[in-house]
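Architecture and fold: a report
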Amino acid sequence: MPARKLYFESIRVGDELPALAKAPVDRVQLSRYAGASGDYNPVHVDELYAKSVGMPSVYAPGMLVMGMLGQLISDWARGGQLRRYNVRFIKMVWPGDTVVCKGRVSDRHGSGGRYFVEIDLWAENQKGELVMKGGSQIQLFYSLEDENRQRSGQSPIVVEVPRESLVVPAPQTATPEAASSAPSVPSAPEEEDDEDEDSDEPRTGASSKKTAPREKPAAKTASLPVAKKAKK
């Protein structure tokens with residue numbers, strides 16, 4: 001029986017990937033991973049060393065959890081091509097923790113005979129705490145007929161699929177709500193007033209008002225360093 005394959009025509013935005021629950025992490029697995037990856041960092045395999053540097057015990061390498069999320073994608077997107085895969089480490093995974101990998105289709109689009117889906121990925125421990133999050137892009141054949149055509153050297157089936165995303169509906173639904181509740185939407189005019197204040201820099205009152213809104217974005221440390229690096 002041929003292996004199950006995934007095709008673009010059967011995927012919808014919001015589809016959830018079957019959750020993948022891994023066996024509890026143990027020290028034997030950490031030792032095996034160290035040998036397989038060549039990463040012999042003692043904080044992952046040497047209990048005494050880990051405690052000497054302030055850790056309660058050894059802990060799992062982040063790349064081990066990344067591999068678990070990668071397995072979720074490879075098991076689900078059979079017949080597809082992985083175009084992008086990235087993760088961000090959120091919380092440490094300790095011996096005894098059970099990692100559950102999850103995912104959801106967040107975007108789909110296609111043009112010129114090439115079809116892509118974007119997947120939101122995340123991993124949780126047995127307490128439901130987020131330990132890793134990321135995303136991936138998968139390229140797929142449109143259908144079985146499309147695959148057969150391309151594998152026989154024919155041109156692909158071309159269907160123009162406009163971008164569908166979970167991110168797009170949010171501002172669209174929020175906009176009419178904001179319009180209906182006109183008295184509770186002073187934020188937009190305030191931003192315009194800030195622009196006017198920028199044009200009146202000599203005014204002392206305007207300068208004092210600008211300090212408060214500028215302190216709020218400064219707290220978003222994730223965005224500021226990225227902007228500075230992009231300028232460099």
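Residues numbered from 1 in each chain as written. Predicted model: local features only at pLDDT ≥ 70, side-chain atom pairs only at ≥ 80, totals over all residues. Heavy atoms only, no water.

1. Some words on the overall build of the chain
Of the regular secondary structure elements, the chain holds 9 helices and 6 strands. A total of 232 residues make up the chain; the buried ones form 29% of that total. Across the chain, every contact between residues at least 6 apart in sequence was considered, and the portion connecting residues at least 24 apart equals 67%. Surface accessibility of the chain: about 14600 Å² in total, with carbon and sulfur atoms responsible for 54%. (Helix = DSSP H or I, 4+ residues; strand = E, 2+ residues; numbered from the N terminus. Buried < 20%, exposed > 50% of the residue type's maximum accessible area, 1.4 Å probe, protein only. Contact = heavy atoms within 4.5 Å. Areas by Shrake-Rupley, 256 points an atom, 1.4 Å probe, with all protein chains shown as cover.)

2. As for the nonpolar core
Formed by 34 residues in total, the largest nonpolar core has its most connected members in Trp76 and Ile119. Elements with a contribution of two residues or more to this core: helix H4 (62-76), strand E3 (100-111), strand E4 (114-124) and strand E5 (130-140). No other element matches the 8 residues that H4 contributes to this core. (Core = buried A, V, L, I, M, F, W, Y, C linked by side-chain atoms within 4.5 Å.)

3. Points about the environment of glycine 135
Topologically, glycine 135 is positioned in strand E5. Once the C-alpha coordinates of glycine 135 and serine 106 are considered, the two residues, 29 residues apart in sequence, prove to be 9.4 Å apart. Sequence-distant contacts of glycine 135, defined by excluding residues within four places in its chain, comprise Arg84, Tyr85, Asn86, Ile119 and Leu121.

4. What about H4?
For H4, spanning 15 residues, the distance from its first C-alpha to its last is 22 Å, which sits close to the expected 21 Å at 1.5 Å a residue. Every buried residue of H4 is listed here: Leu64, Val65, Met66, Met68, Leu69, Leu72, Ile73 and Trp76. Here the buried face of H4 lies against strand E1 (20-21), helix H1 (27-37), strand E2 (81-89), E3, E4 and E5. (Expected span 1.5 Å × (residues − 1).)

5. Quick word on the pattern of salt bridges
Evaluation of the coordinates by the stated rule reveals 7 salt bridges. Here lysine 5 makes a salt bridge to glutamate 147, at a shortest N to O gap of 2.6 Å. Here lysine 5, found in the segment before E1, pairs with glutamate 147, found in helix H5 (residues 144-151); they are 142 residues apart in sequence, far enough to count as distant. Glutamate 147 sits in the buried class, given a relative accessible area of 3%. (Salt bridge = Lys/Arg side-chain N within 4 Å of Asp/Glu carboxyl O.)

6. Brief notes about the side chain of glutamine 139
Inspection of the secondary structure puts glutamine 139 in strand E5. Given a relative accessible area of 13%, glutamine 139 falls into the buried group. Within the structure, the side chain of glutamine 139 is placed 2.7 Å from the side chain of arginine 83, a separation counted as a polar contact. Among all residues touching glutamine 139, those that are not within four sequence positions of it are Gly80, Gln81, Arg83, Arg114, Tyr115 and Phe116. (Polar contact = N/O pair within 3.5 Å; in protein donor to acceptor, adjacent residues only side chain to side chain.)

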